[in-house]
Amino acid sequence: MMLRNAAGRRAVATAATAVSLALALSACSGTTKDSADKGSAKARTTAKADPDAPLKKGLKLAFLPKQINNPYEKIVDDAGIAAAEEYGGTGKEVGPSDASASSQVSYINTLIQQRQDAILVAANDPNAVCGPLKQAMKKDIKVVAYDSDTAKDCRQLFINQASSEEIGRSLVQHLGEQIGYKGRIAILSATQNATNQNTWIEFMKDELKLPKYKDMQLVKVAYGDDADQKSFQQTQGLMQAYPDLKGIISPTTVGIAAAARYLSDSSYKGKVVLNGLGTPNQMRKYVKDGTVEQFSLWNPEELGYLGSYAAAALASGQISGAEGEKFKAGRLGEYTIGKDGEVILGEPTVFDKKNIDKFDF
């Protein structure tokens, strides 16, 4: 995949939102969707917006990641907080230390009491957070999902890293090329209810149905719960259960780093292909020592930056979350809202020995 500059990524983002894949994100979860209250979705499409309205000064934004000690989400949130300073607002990060389905609920309730102007949430579960988020929107607190979506009625916008279909299919495509389209493979995911993970995995499974993958077999989807030690142990368990495993896809930055650490000190180094989503700083040593040939990711700083400006545009009345609305995201330029309030950052980058030292995050 070719590296793209910021303008290129914006072009991809605009094109991607135009075709707007209709992803049923919440259907991947094991929880039951509350479909009774459609008020928030109706409000998003009927609210009046003034694209010429200035960004309000003094906006208060809160970032609620899946878990507070996740290095990847720390990068995202810090960038969003820094962006708030650019337009005269303030931001903060709050959240649980674990990534369980209901762990974010109490934090949302507290943020409502604090009268934040916007809550940005990377949902651990698409539905568990819906009740309090709907209460927030009723109190005119704007809700923006980022990285991992909520059910569509529970927020006004979803800031997606890239096309979910592109992420899922490309990871299988890359692994297939690396293992010659033959052999057993496994997936090391985060939590079982993570919206983004489940959506990507569904596209991975769909990609594997194509004729060129007829000699590849997905034997297991393992869950490391975005915890380093559990992800390490899950990798160890996969290799014990399937010693002939040819490849592992880990679409989580915690999981791929833990899997790489296990493989790097095992007899499987150089024999089992590991691909997925990771940050350059976490994965650099594993690329250079030959444990990992390549992996992918978007720029998490840009994801947080875009989310911050999108929330500010909502809170300032520039946009309502309706399809086709446009807003400016600082140095990233203009973005267009797609179907169901989705805004796509752009195309992920593939990292390998040739380019990994060009990145620092």
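So, how was this worked out
- Residues numbered from 1 in each chain as written.
- Predicted model: local features only at pLDDT ≥ 70, side-chain atom pairs only at ≥ 80, totals over all residues.
- Heavy atoms only, no water.
- Pairing = 2+ DSSP bridges.
- Helix = DSSP H or I, 4+ residues; strand = E, 2+ residues; numbered from the N terminus.
- Axes fitted to C-alpha atoms, helices over the stretch in contact; angles between N-to-C directions.
- Contact = heavy atoms within 4.5 Å.
- Disulfide = S-S within 2.5 Å.
- Buried < 20%, exposed > 50% of the residue type's maximum accessible area, 1.4 Å probe, protein only.
- Phe/Tyr/Trp six-rings, centres within 6.5 Å; stacked < 30°, edge-to-face > 60°.
- Lys NZ or Arg CZ within 6 Å of the ring centre and 35° of its normal.

Asker: Run through the sheet that holds strand β8 (residues 247-250), naming residues and quoting values.
Answerer: As summarised here, the arrangement of the four strands in space is β7-β6-β8-β9, forming an open sheet in which the pairing is parallel. Bordering the open sheet on either side are β7 (216-223) and β9 (273-276), each of which pairs with just one other strand. Ignoring which end each strand starts from, the neighbouring axes of this sheet average 20° apart. Judged from the seven bridges that link them, strand β6 (residues 183-189) and β7 form a sheet pairing that is parallel. Directly across from Ile-187, in β7, lies its bridge partner Val-221. On the sheet, helix α6 (residues 164-178) packs against β6, β7, β8 and β9 and is oriented at approximately 160° with respect to β9. Across the face of the sheet, helix α8 (residues 228-241) comes into contact with β6, β7 and β8 while running at roughly 145° to β7.

Asker: Break down the state of the cysteines for me, citing the residues and quoting the values.
Answerer: Applying the stated criterion across every chain yields a total of one disulfide. Between Cys-130 and Cys-154 runs a disulfide, and the two sulfur atoms are separated by 1.9 Å. Classification of the bridge connecting Cys-130 and Cys-154 rests on its S-S torsion, roughly 95°, and on that basis the disulfide is right-handed. Taken together, the residues Cys-130 in helix α5 (residues 130-138) and Cys-154 in the loop between β4 (142-146) and β5 (157-160) connect sequence positions 24 residues apart. Considered together, Cys-130 and Cys-154 belong to a single accessibility category, that of buried residues.

Asker: Could you give me a rundown of the pairing of β4, with the residues and numbers involved?
Answerer: With respect to burial, β4 is a largely interior element, five of its five residues being buried. In β4, alternate side chains face the same way, and those of Lys-142, Val-144 and Tyr-146 on one face and Val-143 and Ala-145 on the other are all buried. Here strand β3 (residues 118-121) runs beside β4; their pairing, made up of four bridges, is parallel. Across the sheet, Ala-118 pairs through a bridge with Lys-142, a residue of β4.

Asker: Tell me what's going on with the packing of aromatic side chains, and back it up with residues and numbers.
Answerer: Throughout the structure, instances matching the rule amount to 12 aromatic pairs. Ring centres of Tyr-87 and Tyr-309 lie 5.0 Å apart, and the angle between their planes is 70°; this geometry places the pair in the edge-to-face category. On the criterion of sequence distance, the pair formed by Tyr-87 in the loop between α3 (71-86) and β2 (90-93) and Tyr-309 in helix α11 (residues 300-315) is long-range, its members being 222 residues apart. Note on accessibility: Tyr-87 and Tyr-309 belong to one class, buried. With a centroid separation of 5.1 Å and an interplanar angle of 25°, the aromatic rings of Phe-295 and Phe-351 are classed as stacked. With Phe-295 in strand β10 (residues 295-297) and Phe-351 in strand β14 (residues 349-351), the pair connects residues that are 56 residues apart, well separated along the chain. The exposure class of Phe-351 is buried, given its relative accessible area of 1%. Cation over ring: Arg-331 sits above Tyr-305, and NZ or CZ is 4.0 Å from the ring centre.

Asker: Go over the environment of Met-283, please, and point to the residues and values.
Answerer: By secondary structure assignment, the location of Met-283 is in helix α10 (residues 280-288). Residue classification places Met-283 among the buried positions, given a relative accessible area of 0%. Sequence separation between Met-283 and Phe-295 is 12 residues; the distance between their C-alpha atoms is 8.5 Å. Residues in contact with Met-283, not counting those within four places in the same chain, are Ile-256, Ala-257, Ala-260, Gly-278, Val-292, Phe-295 and Ile-356.

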